[in-house]
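Per-entry structural report
Residues per chain, in single letters:
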Amino acid sequence: MYTADYFISKLGLEAHIEGGYFKQIYKNSFYTSDEGYPYNFEGDRSLSTTIYFLLRSGQVSKFHKLKFDEVWFYHYGCSMIIHMIDNKGEYRSVRLGLDIEKGEMPQVLVPANVIFGAEPLESDTFSLVSCLVSPGFDYRDFILYEEKDLFYLYPEHTDIIKKLNGRKCLR
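We now turn to the structure provided with this report. Bear in mind that the values here come from a model prediction, so they are computed numbers and not experimental data. (Residues numbered from 1 in each chain as written. Predicted model: local features only at pLDDT ≥ 70, side-chain atom pairs only at ≥ 80, totals over all residues. Heavy atoms only, no water.)

1. Thoughts on a nonpolar patch on the surface
This is how it is decided: Each patch is assembled from residues with relative accessible area greater than 30% and no salt bridge, linking like charges that lie within 9 Å and nonpolar side chains (Val, Leu, Ile, Met, Phe, Trp, Tyr) that lie within 5 Å. Computed with the Shrake-Rupley method and a 1.4 Å probe, the accessible areas treat only the protein chains shown as cover for residues. Basic side-chain nitrogens of Lys or Arg form a salt bridge, by our definition, when they fall within 4 Å of a carboxyl oxygen of Asp or Glu. Secondary structure follows DSSP: runs of H or I at least 4 residues long count as helices, runs of E at least 2 residues long count as strands, and numbering of each begins at the N terminus. Categorising residues by exposure relies on relative accessible area from a 1.4 Å probe, with only protein chains included: less than 20% of the type maximum marks a residue as buried, more than 50% marks it as exposed, and the intermediate range marks it as partly exposed.
A cluster of nonpolar side chains, contributed by Ile17, Tyr139 and Leu144, occupies part of the molecular surface with about 270 Å² of accessible area. Tracing the sequence through the fold places Tyr139 in the loop between β13 (126-134) and β14 (142-144). Residue class for Tyr139 comes out partly exposed when judged on its relative accessible area of 44%.

Here you go:
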């Protein structure tokens, strides 16, 4: 049986600022500018990037936002829940995993400019996923939210905000 430590070591994962562990595994060698995109961005972006991402039980991916779509792919471990707050302030959650009968999906789209975070669904285990961003991920397109800012923007979602942003990132 594989463990979180096994994947962290064998895949060379490092602590991520939003929580959990990651490693970029692909960066497209072709680049694009913001011409033709509905969102302005500074400089050029790779056409796409992918990472491995791992959360241990008790860890969360804190609420953050990207300018571009991100697709999450389930690989191993327990299922994960992805929490999203769209730009109208509406909350929804989706389950990333293989138990389709229970509403899980093996891949989940997080649309551009949606605030989102994630957590494993079970205790004493972990979740290993991959994430693809297109155009490619760049920290200039990334916003990591403070709890107080989310309370101000979305006071109706204080419970989930506290759950994801009210604790320190465990590493």
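Still more to cover.
2. Regarding the sheet that holds strand β1 (residues 14-15)
Paired through backbone hydrogen bonds, the strands of a sheet run either parallel or antiparallel to each other. Applicable threshold: Any two strands with at least two DSSP-identified bridges between them are counted as paired.
Spatial strand order, β1-β2-β5-β13-β7-β11: 6 strands in an open sheet with antiparallel pairing. The sheet is open, and its two edges are formed by β1 and β11 (107-110), each paired on a single side. Strand direction decides the pairing type here: β1 and strand β2 (residues 21-27), joined by 2 bridges, are antiparallel. Bridge pairing links Ala15 to Tyr21 in β2.

3. Some words on the nonpolar core
Short version of the rule: In this description, a nonpolar core means a group of buried Ala, Val, Leu, Ile, Met, Phe, Trp, Tyr and Cys residues linked to one another through side-chain atoms lying within 4.5 Å.
With 22 residues, the main nonpolar core has Trp72, Ile82, Met84 and Leu96 as its most contacted residues. For this core, the secondary-structure elements that each account for two or more residues are β5 (49-56), β7 (69-77), β8 (80-85), β9 (91-96), β11, β12 (115-120) and β13. Formed by 10 residues, the second largest nonpolar core is a distinct cluster that contains Tyr145, Tyr154, Ile161 and Leu164.

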